[in-house]
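Residues per chain, in single letters:
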Amino acid sequence: MEKILKTKRKIRFQDCDPFNHLNNSKYLEYFINTREDQIAEHYDLDVFKYMKTTGLSWVVASNQISYLKPASTMETVVIESQLIKYADNLLLVEMKMWNEAETELKAILWIKFIPFNIQTKKVSNHSEDLMKLFESVVVPVDQSVFEHRSLEIIQKIKEKVHA
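Just so we're clear, the structure is a prediction, and the values are computed from it rather than from any experiment.

1. Structural notes on the pattern of salt bridges
Here comes step 1: Counting across every chain of the model gives 13 salt bridges.
Here comes step 2: Of the charged contacts in the structure, one is a salt bridge between Glu29 and Lys26, with a shortest N-O distance of 3.3 Å. Note that Glu29 and Lys26 are positioned in helix H1 (residues 24-43) at a spacing of three residues, about one turn of the helix.
Here comes step 3: We note a salt bridge from Arg149 to Glu94, for which the minimum N-O separation is 2.7 Å.

2. Examining the packing of aromatic side chains
Here comes step 1: Going through the model one piece at a time under the given rule, you end up with four aromatic pairs.
Here comes step 2: With a centroid separation of 5.0 Å and 70° between ring planes, the pair formed by Tyr27 and Tyr67 is classed as edge-to-face. Of the two residues, Tyr27 sits in helix H1 while Tyr67 sits in strand E2 (residues 56-67), which places them 40 residues apart along the sequence.
Here comes step 3: Note on Tyr27: relative accessible area 2%, which makes it buried.
Here comes step 4: With centroids separated by 5.9 Å and ring planes inclined at 55°, the aromatic side chains of Tyr86 and Phe134 adopt a geometry described as tilted. Linking Tyr86 in strand E3 (residues 76-87) with Phe134 in helix H3 (residues 128-137), this pair joins segments that are 48 residues apart in sequence.
Here comes step 5: Residue classification places Tyr86 among the partly exposed positions, given a relative accessible area of 24%.
Here comes step 6: On the basis of relative accessibility, which here comes to 5%, the residue Phe134 falls in the buried class.

Definitions and cut-offs
All residue numbers refer to position in the chain's written sequence, counted from 1. The predicted nature of this model means local features are confined to residues of pLDDT at least 70 and side-chain atom pairs, given and counted, to a pLDDT of 80 or more, with totals for whole chains, interfaces and linings taken over all residues. The side-chain numbers reported here are obtained from all heavy atoms of the structure, hydrogens and water having been left aside. By convention in these notes, a salt bridge is any Lys or Arg side-chain nitrogen within 4 Å of a carboxyl oxygen on Asp or Glu. Secondary structure counts use DSSP, requiring at least four H or I residues in a row for a helix and at least two E residues in a row for a strand, with both numbered from the N terminus. Two aromatic rings, drawn from Phe, Tyr or Trp (for Trp, its six-membered ring), form a pair once their centres lie within 6.5 Å of each other, and the interplanar angle then sorts them: stacked below 30 degrees, edge-to-face above 60, tilted otherwise. Only protein chains enter the calculation, and the probe is 1.4 Å; a residue is then buried if its accessible area is under 20% of its type maximum, exposed if over 50%, and partly exposed in between.

See below:
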């Protein structure tokens, strides 16, 4: 089972600012929509069907994002995502947006999801089946601080360019 998921997306005109750059708030939409598509395709987990059958869904608890390079109108980007941490009642997903050739990093995002029971309106725990899925796809990282992780990724890119 793939652990690092990648999807190409085209940056649309209506999502851009007057400079033809993807609007800051739209990055989150591109990231979240892509992640939903990826887990449905690769892990057979449609979050909307899952919510209808179990009453459980995920809410975003926090976002941490670094904007590094602009994504431009009609540009094709690659959005990469991976689960980096999970617990009974938490998912931490790392996402990156690259240019199409994956040589220029445009943004890095950490998004924390909390499982939420829509019937009880309370935070819930993941099922045993979900915990097994998470265990099979998690790609842990050494850093627990977003800024440290971002710097590490940027440094690795610089080293690769200068190698």
